[in-house]
Amino acid sequence: MGQILVLDQNMINMIAAGEVIERPASVVKELMENSIDSGTTKITVSIEDGGRKLISVTDNGCGMDGEDLARAFEPHTTSKIKTSSDLLGISTLGFRGEALASIASVSQVKCTSRTKSQTGANCIEIDCGNKSDISPASADYGTSIQVRDIFYKLPARRKFLRTANTEMGHIAEQFTRIALSNDNLDLTLIHNGRELYRLSDKDHLHQRIAELSPIPSSGISENLIEAESNEKSLHILALMGKPSISRTSKKFQYVFLNGRFIRDKFISHAIKEAYRGLLELNRFPVVFLFIQMPYEDYDVNVHPTKSEVRFYNANLVHSQILGCLREKLLGTDLQSHAVLPTATGPTEMQGIGAPGHRSEAISDAMAEFFKKHRPVQTQQQFSYKPKQQTVALRPGGGQIPESHTGTAMVSAFAQTSQPVPEICSEQRIFMQIHDSFVVVQTDEGFVIIDQHALHERIIYEDLCKRIRKSKLESQKLLIPESFDVTPSDADLLNTNAELLEKLGIELVPFGPRAMAIQAFPTLLTKADPLDFVQDLIDLLGRKDINLDGEKLLDEVLNMAACKAAIKAGQRLTDSEIEQLLRDKVNAESSSRCPHGRPTTIKFSISDLEKQFKRT
Ligand code: ADP
Ligand code: MG
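Please read these numbers as outputs of a predicted model, since none were measured by experiment.

1. Looking at the pattern of salt bridges
Okay, step 1: In the structure shown here, the tally under the stated rule is 24 salt bridges.
Okay, step 2: Among the ionic pairs, Glu 173 bridges to Lys 251, the shortest N-O distance being 3.9 Å. On the criterion of sequence distance, the pair formed by Glu 173 in helix H6 (residues 164–181) and Lys 251 in the loop between strand E11 (234–241) and strand E12 (253–257) is long-range, its members being 78 residues apart.
Okay, step 3: The partner of Glu 506 in a salt bridge is Lys 476, with the nearest N and O atoms 2.9 Å apart. Linking Glu 506 in strand E22 (residues 506–509) with Lys 476 in strand E21 (residues 474–484), this pair joins segments that are 30 residues apart in sequence.
Okay, step 4: For Lys 476, a relative accessible area of 55% gives the class exposed.
Okay, step 5: The structure contains a network of salt bridges with shared partners spanning Lys 29, Glu 30, Glu 33 and Lys 306.

Set out below in structure tokens:
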């Protein structure tokens, strides 16, 4: 006798539910999406016990009449598509006709609905697939669905539910995604009777982001850069987090395509590339990306939860997004702004929140510095009206005072009331501290520059520019420098001969197991040729990173820039500092070193005034 049985419809639904309904948050997503498709202006989501006990979603959309209400919970029933050609341009969030049937097959559901033209509402109840008849009910127009005791007849699935808090976290995330892409709706999320979010349709998108995401909400406008482009039937609006608020995961990258939250590897890659060189390795930018494009240009019918799509021209999407984001980032001042603490007294001044522990240390040192050397006339307000005399420490070419005391430093800031030139101006006021950092007065206050990081960036950009044009210029060494090589080293150097040629490094055999460096790039005169080639061999031999053409070259240029740059601890002359500041102005993206660390930290006079209680 045959072993194969035809599954009954309820079993089919339960199996389908396995794909669509993973946990309470999936129910919230599907029900909210249905509400949006119904043309609602307001959705209230109320949850009990992380959704294990109750998920209730109420809207004021188009509603359903009795006939539709009975049909909506059947499998493969939808009002959103009719023919296969409709699949080519889906404008609604749902279209598969599976969600309600799936939800009702794994829980107890009660749905009340009323269209605007009806005088009374209808109600239906379904208990794990067993449907009641439609009965009259009293309710306002719109739809309200209560989903209770999810998976209660499926202990294996119920067991996989996590704590109420964890499940609520997933629900809040789904709510957030929908709220970000629908800022024209009033949305409320309640848990165990407590209101977690009440979002008004009057809110500006920035406000909504501030309420929903953990970005420092006070500084949301300072921390997000807005970019927009509208080309080739692709409208892009991006709110990009500055590198200083980057995260350790991609969790804060929200991408919406025509209002649908999606994950897409091409778009993720475009975002990553846009921030290339602006972030440290293993840091991910905060990005809110809203893309509008014709529905016919992509397919959403590739994933049960519709969180992935297939673009017909993925390359275009990639290049448009990359171009829009990158251009904006490079044209924006991304200098890290030192955040002075809100502490009330000088004794509490510590832990200034600039990114990275080194910058924190500098900030701490600065705070300490100002704490010790308060100006005498403490009550005087800073005035930017021109005055005759300018106290400058080293106005381009002056002497470093033997002991550049704090008092001198402070008086430079306190008394310099002439409109202070920006870094690029002729009359610069600067000083080098600890032979490692350059402090420069600016219009708004002062900046501290990490001399190594900045120089590294400048050299890196120079190298990139030159190598893009042709190869690096090199010069012959007076005495070729020889070094031992293993057969595998020699092999590596041989296979990468083209790269060496591009870099302007000339190597010649020097005995059976040795080679000699005959020529070395002019730009890298500060680097030691032997040390450089040795590290290059190590880099070429690294198996743990998958380096090919472009990436390898980039890695090598990074290394070269690091080796050729001024080091920390190196005393600089005035003209060297001036050159550095001039080059900073011309650099494309001078606020970050090639590894993404900040090169410059800003301090504003207004923050200092607050700290010194001048305001
Ligand atoms: P889909 O959304 O893919 O069409 P669903 O199973 O989610 O499938 O819903 C089935 C149908 O029920 C929808 O096509 C829609 O006509 C109707 N429906 C569901 N939720 C609502 C709602 N909140 N308001 C009005 N109609 C709804
Ligand atoms: Mg749906």
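Now that the structure is up, let's keep going.
2. Here's the deal with a positive patch on the surface
Okay, step 1: A contiguous patch of positive charge on the surface is contributed by Lys 250, Arg 263, Lys 272 and Lys 551.
Okay, step 2: One can find Arg 263 in the loop between strand E13 (260–261) and helix H9 (265–274).
Okay, step 3: You can call Arg 263 partly exposed: its relative accessible area is 47%.

3. Comments concerning the side chain of Ser 56
Okay, step 1: In this fold, Ser 56 is placed in strand E2 (residues 54–59).
Okay, step 2: Judged by relative accessible area, Ser 56 falls into the buried class, the value being 9%.
Okay, step 3: Of the polar contacts made by the side chain of Ser 56, one reaches the side chain of Gln 146; its length is 3.1 Å.
Okay, step 4: Aside from chain neighbours lying at most four places away, what touches Ser 56 is Thr 44, Val 45, Ser 46, Ile 145 and Gln 146.

4. Some points on unusual backbone geometry
Okay, step 1: For Cys 128, which is not glycine, the phi torsion reads 45° and is therefore positive.
Okay, step 2: Inspection of the secondary structure assignment puts Cys 128 in the loop between strand E4 (121–127) and strand E5 (130–131).
Okay, step 3: A residue is classified by how much of its surface remains accessible, and Cys 128, at 6% relative accessible area, is buried.
Okay, step 4: Even without being a glycine, Phe 151 presents a positive backbone phi close to 60°.

5. Observations regarding the packing of aromatic side chains
For any pair of aromatic rings, the description consists of the separation of the ring centres together with the inter-plane angle of the planes.
Okay, step 1: For the structure shown, the criterion picks out nine aromatic pairs.
Okay, step 2: Ring geometry for Tyr 254 and Phe 288: centres 5.6 Å apart, planes at 0°, overall stacked. Here Tyr 254 is found in strand E12, whereas its partner Phe 288 is found in strand E14 (residues 287–292), with 34 residues between them in sequence.
Okay, step 3: Owing to a relative accessible area of 0%, Phe 288 belongs among the buried residues under this scheme.
Okay, step 4: By way of ring pairs, the aromatic residues Tyr 254, Phe 256, Phe 261, Phe 288 and Phe 290 are connected into one cluster.

6. Regarding the site of ligand 1
Okay, step 1: Neighbouring ligand 1 are 20 residues; Asn 34, Thr 78, Ser 79, Lys 80 and Gly 97 lie closest to it.
Okay, step 2: One nitrogen or oxygen atom from the main chain of Arg 96 is found 3.0 Å from an oxygen atom belonging to ligand 1.
Okay, step 3: Considering ligand 1 on its own, with 530 Å² of exposed area, one finds that the protein chains cover 93% of that surface.
Okay, step 4: For the shell around ligand 1, the secondary structure elements donating two or more residues are helix H2 (24–37) and helix H4 (99–105).
Okay, step 5: Grouping the amino acids of the shell around ligand 1 by side-chain chemistry returns six nonpolar, ten polar and four charged.

Conventions and cut-offs
Residues numbered from 1 in each chain as written. Chains lettered and ligands numbered in written order. Predicted model: local features only at pLDDT ≥ 70, side-chain atom pairs only at ≥ 80, totals over all residues. Heavy atoms only, no water. Salt bridge = Lys/Arg side-chain N within 4 Å of Asp/Glu carboxyl O. Helix = DSSP H or I, 4+ residues; strand = E, 2+ residues; numbered from the N terminus. Buried < 20%, exposed > 50% of the residue type's maximum accessible area, 1.4 Å probe, protein only. Patch = residues over 30% accessible without salt bridge, like charges linked within 9 Å, V, L, I, M, F, W, Y side chains within 5 Å. Areas by Shrake-Rupley, 256 points an atom, 1.4 Å probe, with all protein chains shown as cover. Lys, Arg positive; Asp, Glu negative; His and termini not counted. Charge placed at Lys NZ, Arg CZ, Asp CG, Glu CD. Polar contact = N/O pair within 3.5 Å; in protein donor to acceptor, adjacent residues only side chain to side chain. Contact = heavy atoms within 4.5 Å. Phe/Tyr/Trp six-rings, centres within 6.5 Å; stacked < 30°, edge-to-face > 60°. Near = heavy atom within 4 Å. Nonpolar A, V, L, I, M, F, W, Y, C, P; charged D, E, K, R; others polar.

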